[in-house]
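# A closer look at the structure
Each chain, written out:
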Amino acid sequence: TQPQKLCLVAVAYHNIAVEQLILRHISEACISSQNARRLARLCLSYSNRWVKCFETTHQVALGELSGVASTKNSSQATRLFNRLLKSL
């Protein structure tokens, strides 16, 4: 069914985000984890058990991004971080 497929894609986005964090592709991890969270909200009946994990991964990615922005003084990372915070 459609909600099951959405949930499957949300889990895939989450797994991609975790791998991106491991590879230190922080800004991409933030986007992937945000996509996982958004898709999971569309199919809560199936994804409810993973929502907390998705939220935690997203918070870790945002925390890493804020660290990158502050240590490297990266304006691109800062802009992305601020945009992601506004979308929460």
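Residue numbers restart at each chain and count upward from 1, following the sequence in its written direction. Only residues with pLDDT of at least 70 get local features here, since the model is predicted, and only at 80 or more are side-chain atom pairs given and counted; chain-wide, interface and lining totals rely on the full set of residues. Here the side-chain values reflect all heavy atoms present in the structure, with hydrogen atoms and water set aside.

### As for the confidence of the model for the protein
Selection rule: The quantity called pLDDT is the predictor's confidence in a given residue, expressed from 0 to 100. Strands here are runs of E lasting at least two residues and helices are runs of H or I lasting at least four, both read from the DSSP assignment and numbered beginning at the N terminus.
Chain-level pLDDT for the protein is 84 on average; 78% of the residues reach the 70-or-more range. Within the protein, no element has a lower average pLDDT than helix H5 (residues 75–87), which sits at 67, and none a higher one than helix H1 (residues 2–22), at 93.

### Focus on the nonpolar core
The cut-off we apply is this: Among the buried residues, those of types Ala, Val, Leu, Ile, Met, Phe, Trp, Tyr and Cys that are joined through side-chain atoms within 4.5 Å form a nonpolar core. Remark: exposure states derive from per-residue accessible area (1.4 Å probe, protein chains only) relative to the maximum for the residue type, with buried under 20%, exposed over 50%, and partly exposed in between.
The biggest cluster of nonpolar side chains holds 7 residues, and these are Leu 21, Ile 26, Ala 29, Cys 30, Ala 61, Leu 62 and Leu 65. The next biggest cluster of nonpolar side chains, apart from the first, holds 5 residues, and it includes Ala 10, Ala 36, Ala 40 and Phe 54.

### Here's the deal with the pattern of salt bridges
Two side chains with opposite charge may pair up if their charged atoms get near one another. Our working definition: When a carboxyl oxygen of Asp or Glu lies within 4 Å of a side-chain nitrogen of Lys or Arg, that pair is called a salt bridge.
The tally for this structure, following the rule as stated, stands at 3 salt bridges. Across the salt bridge formed by Glu 64 and Arg 24, the nearest N and O atoms sit 2.9 Å from each other. Highlighted residues: Glu 64 in helix H4 (residues 51–72) and Arg 24 in the loop between H1 and helix H2 (26–42), separated in sequence by 40 residues. Among the ionic pairs, Glu 55 bridges to Arg 37, the shortest N-O distance being 3.1 Å. Of this pair, Glu 55 sits in helix H4 while Arg 37 sits in helix H2, and the two are 18 residues apart along the sequence.

### Here we look at the packing of aromatic side chains
Selection rule: Ring geometry is summarised as follows: Phe, Tyr and Trp rings, the Trp one being its six-membered ring, pair when their centres sit within 6.5 Å, and such pairs are stacked at plane angles under 30 degrees, edge-to-face over 60 and tilted between the two. Note on geometry: a ring has a charge over it if NZ (lysine) or CZ (arginine) is within 6 Å of the ring centre and within 35 degrees of the ring normal.
Using the criterion set out here, one finds 0 aromatic pairs in the structure. Over the face of the ring belonging to Trp 50 we find Arg 49, whose NZ or CZ atom lies 4.9 Å from the ring centre.

### Points about a nonpolar patch on the surface
This is how it is decided: Patch membership is restricted to residues that have no salt bridge and whose relative accessible area is over 30%. Joining uses 9 Å for like charges and 5 Å for the nonpolar side chains Val, Leu, Ile, Met, Phe, Trp and Tyr. Residue-level accessible areas treat just the shown protein chains as cover; the underlying method is Shrake-Rupley with a 1.4 Å probe.
A cluster of nonpolar side chains, namely Val 9, Tyr 13 and Ile 16, defines an oily patch on the protein surface of about 230 Å² accessible area. Secondary-structure assignment places Tyr 13 in helix H1. For Tyr 13, a relative accessible area of 31% translates into the label partly exposed.

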